[in-house]
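A structural walkthrough
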Amino acid sequence: MLLIKNGRVIDPASRTDAAMDVLLDGERISKVGANLAAENAEIFDAKGLVVAPGFIDLHCHLREPGQEISETIVTGTRAAARGGFTAVCTMPNTQPVNDSASVTRGIVERAAAGASVRVWPIGAASVGSKGEALAEIAAMKDAGIVAVSDDGKPIATARLMRQVMDYCRALDLPVIDHCEDASLFTGGVMREGPQSIKLGLKGIPAQSESICVGRDVEVATLTGARLHIAHMSTVGSLEYVRMAKKMGLRVSCEVTPHHFTLTDEDVQYDTHYKMNPPLASRADRDALIQGIADGSVDAIATDHAPHHPASKDVEFDRAPFGITGFETALALGLTELVHRGKISLARLVELFTTGPARVLGMERKIASGEPADLTIFSTEHEWTYRASESPSKSRNTPFDGRRFRGAPMATVVAGRVVYRREAAATAK
Amino acid sequence: MLQRLEHLLGIEPLTREQITFILDQAAPFQEFQRHPLKKLATLRGKTVALAFFEASTRTRISFATAAARLGADQMNLQAESSSLKKGESLIDTVRTLEAMRPDGIVMRHAASGAADFVAKRLEIPVLNAGDGTHEHPTQALLDALTIRDRAGKLDGLHVTILGDILHSRVARSNIHLLSKFGAHITLCGPPMWVPREFEGIAPNVRRVPRIEEALEGADAMIVLRVQTERIHEPALAAEEYILGYQLTPERLRLAKPEALVLHPGPMIRGLEIDPGVADGPQSCVLEQVTNGLAVRMALLYHLVGGAPTDAPHPAEASSAASSGASAAKGSSNAAD
Amino acid sequence: MRVVEKRQLLSSEEIGRTLQRLAHEIVEKSGGTKDLALIGVRRRGVPLSQRIAAIIKTAAGVNVPVGTLDITLYRDDLSTVAQQPVVHSNEIDFPVDDRDIVLIDDVLYTGRTVRAAMNGLFDLGRPRRIRLCVLVDRGHRELPVEATFVGRLVETSDTEIVEVRLREIDGEERVMLVDRVT
């Protein structure tokens, strides 16, 4: 039994924001209330800290199977725990692609054997994510996938998207699309704009993403399925999502922390600023923050994309897209959004908990009987992020050395404390 | 007091004063090209590595000649025979070169930012001889020297750049340089190659869709070559290009009577430029070549010459030693 | 570097008289001015060479060509200075081949500047003869260099410096002996 005392419980599902204690028994929450006491319980003093439902990351890359040089399920989930995440959804662009039940089962078993947090695999929409034949989605669902995507690439054609959506509607699985128009994207390495012109780097216009979002929303009107836009980065895409929501479609979207923090002006040939979708314009960033504030954006997701150091230490054109993100996500949310007064703390918690849960068709709350997954964090703790201290195998982050105000302090998964920052106190 | 240049990666980071200094320092080297004996011992004992990862004849020969005339030795790396083809990464190629201890690297590479990449990782001066579509600073410097010599100034001149601006590092470097000197820059070329963002990268830049309007009243024109090695779609048929954008004698007459015609070379006569214009009295292409040599000698002299930065300034390197520039009033007899 | 003036070596009038004498010596000892040319070594050799040429014109009615030589690129100490000295152009608009050249500088000291000047001249052509004319010879030669025409011979120590000020460059006219203060 674990008793979390003196914390400020923020539970969006019940609209709670109060000083409360939470008692965990085994893998479940046993009781929530003021001034709880329990004999034989280990005490965790959460004084001055926020106690939230366990965070869910809708979008990450754990690189296993096949790319273990950059990350494994064990190392990635350790980093996720350090970032306050209790569950992560891992994308299928591994080697081999997770397009079959056997690969899905492999991931689930590896996770059961050594992961620090829950691993929920996302299955490929098409075989090999090649955009041709439908993958064995039903079999993968039985094996444990929570959604379907060809991430790394868009779902290739409107016709395939329609088939995938129809099929997934029957299975009640969300379809997640990495939205991009291949013909506008080709060869691009950063956002097309004044900065790409100045640097002499081939640009990707914003419309590459929004054209595809528009396509997907139209197909959603045809099929009525659940559509989730991955790593949305432009105002054009946001407008389509807003329109879809207004029309009553089941469309959702996520934004990454780097897209609400950085812009294309930050790109200067350092490959730690190269990712897909690329860093966008200031106008896009500001619009995304507005969307986060007004509820148009459903979730914050990291798109944690580790690449081992040698692969990123090349000319900008040749470097792979992607940055890591587990450990800085909450800190960026607090520093850039809450402390700057853009959103409330409760809203931030939603974006990491009930928002992603709703996309997956599940619930996330602090209530008796619920899974004992909690994220305990400080809104004030000042710290400097050092990539060299990360348990991830990769170091590709633009935030190395950045100072933050606010940090994850402890992560509880299925009743076990899987991460505790040294500053946090536990008294017996 | 001019800050010692560590590298020459581009024009954009330079101040007007630094650029003026380089142009002024090129003048003695222009004069030098007229000496019967064109060999100095100034950089004797120094080695300049010429790392040309992208094919180039003119620029490479120009730098090689500049280094040779200053008395330096050279290490030559050429794309065709380069281990880069065998998959060696840029960083390893360059570290290999560095291990042979050159005193400076002149580098041309197909990736924008490659010179910056190398400069961040090596302890020796890097001279960018062209990186992707980003910058070609020595070209802009020699263009500016040519214009300044013929027109007497740069400030307030109307300079038109014609052609594929989007894929041209020459265009970008020239835009940065001319803009810093208060020139008015007009860009003209096939619209998909002259995006509006160029109007924002430096002050006093405008785009004009038609060549006639672009040339009206111009003091100088820089004609860019039609690039085939940087593949970009959609390709434009040659006849279309000639129809819309070739610099013909008739179009040239729209500019000022003494207007200068510059071309970074190599020219495709009959495509972007009419042969008569290329060889005519307003064409500066041969001076550009001579000036290129002078500019590159001046840059090698200042960047590769001398001791590491903790050695004394010439004014302090006085007393028993030899000739020196006098810092104080009157000759201190470091000079003799 | 701080210096203190020890004594004046030449006043403004003395500089003028010395240049008069040097100009006449040059004409006398040149066996004719037909191929004669004066080349001033930057920096202060330049006004000196121009003045000597003017005196020769007045006295002998002869226009002796004058040129300017910058020796920066020929210095032998360039590999030891961190910030490369600024280079200037030569201004020699006559051919150097077969000329009877008189190099003119303000002070002769170790001889290295003259060595560099000769290298510079040889890059331009092959003079018939080169002789050296200096306002002050202060000794301490490190190379086998001698001046044919000397304004004033002065004994100096290693720490001392001969400072020449000319109106064209410094706004005043005098030659002083100064000493370094440590």
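Residues numbered from 1 in each chain as written. Chains lettered and ligands numbered in written order. Predicted model: local features only at pLDDT ≥ 70, side-chain atom pairs only at ≥ 80, totals over all residues.

Here we look at the overall build of chain C
Summing up its helical and strand segments, chain C has four helices and eight strands in all. Going from the N terminus to the C terminus, chain C shows its helices and strands as β-α-β-α-β-β-α-β-β-β-α-β. The C-alpha radius of gyration of chain C comes to 16 Å, within 12% of the 16 Å expected for a compact globule of 182 residues. With 182 residues in all, chain C has 46% of them scored as buried. (Helix = DSSP H or I, 4+ residues; strand = E, 2+ residues; numbered from the N terminus. Rg over C-alpha atoms; globule rule 2.2 N^0.38 Å. Buried ≥ 20, exposed ≤ 12 C-beta atoms within 10 Å, placed from the backbone.)

Let's talk about the sheet that holds strand β7 (residues 205–207) of chain B
Residue and element names in this part refer to chain B. One open sheet holds the five strands; their spatial order is β7-β6-β5-β8-β9, and the pairing between them is parallel. Of all the strands in the sheet, just β7 and β9 (260–262) have a single pairing partner and so form its edges. On average, adjacent strands in this sheet sit at an angle of 20 degrees to one another, irrespective of strand direction. Of the pairings in the sheet, the one linking strand β5 (residues 158–162) to strand β8 (residues 220–223) comprises four bridges and is parallel in character. If you follow Ile161 over to β8, its bridge partner there is Ile222. (Pairing = 2+ DSSP bridges. Axes fitted to C-alpha atoms, helices over the stretch in contact; angles between N-to-C directions.)

Considering the arrangement of the chains
Sorting the two pairs of chains in contact by contact count puts chains B and C at the top. The two units chain A and chain C never meet; even their closest C-alpha atoms stay 29 Å apart. (Contact = placed C-beta atoms within 7 Å.)

As for the domain arrangement of chain B
All names here are of chain B. Domain assignment breaks chain B into domain 1 (16–135 + 289–304) and domain 2 (137–285). The straight-line distance from the C-alpha centre of domain 1 to that of domain 2 is 25 Å. Opposite the 20 residues of domain 1 that make contact, domain 2 presents 20 residues. Counting only elements with at least two residues in the side of domain 1 that touches domain 2, the list comes to α1 (16–32), β4 (126–131) and α11 (285–304). At six residues, α11 tops the list of elements feeding residues into the side of domain 1 that touches domain 2. (Domains from an automatic or database assignment.)

Some points on the nonpolar core
Judged by nonpolar contacts, the single largest core of 159 residues is most densely connected at B:Met221 and B:Leu300. For this core, the element with the highest residue contribution is α11(B), accounting for ten residues. Each residue touching B:Met221, except ones within four places of it in the same chain, is listed here: B:Thr160, B:Leu162, B:Leu215, B:Leu247, B:Ala255, B:Ala259, B:Val261 and B:Leu262. The next biggest cluster of nonpolar side chains, apart from the first, holds 112 residues, and it includes A:Phe85, A:Ala101, A:Val164 and A:Ala301. (Core = buried A, V, L, I, M, F, W, Y, C linked by C-beta atoms within 7 Å.)

A look at the packing of helix α5 (residues 137–151) of chain B against helix α6 (residues 169–180) of chain B
All names here are of chain B. Relative to each other, α5 and α6 sit at 55 degrees, their axes nearing to 8 Å. In terms of axis orientation, α5 runs oblique to α6. Crossing of α5 over α6 shows right-handed handedness. In this structure, α5 contributes Pro137, Gln139, Ala140, Asp143 and Ala144 to the contact, and α6 contributes Val170, Ser173, Asn174 and Leu177. Tallied by class, residues from the contact of α5 with α6 come to five nonpolar, three polar and one charged. (Parallel < 35°, antiparallel > 145°, perpendicular 65-115°, else oblique. Left-handed = near helix turned anticlockwise from the far one by under 90°. Nonpolar A, V, L, I, M, F, W, Y, C, P; charged D, E, K, R; others polar.)

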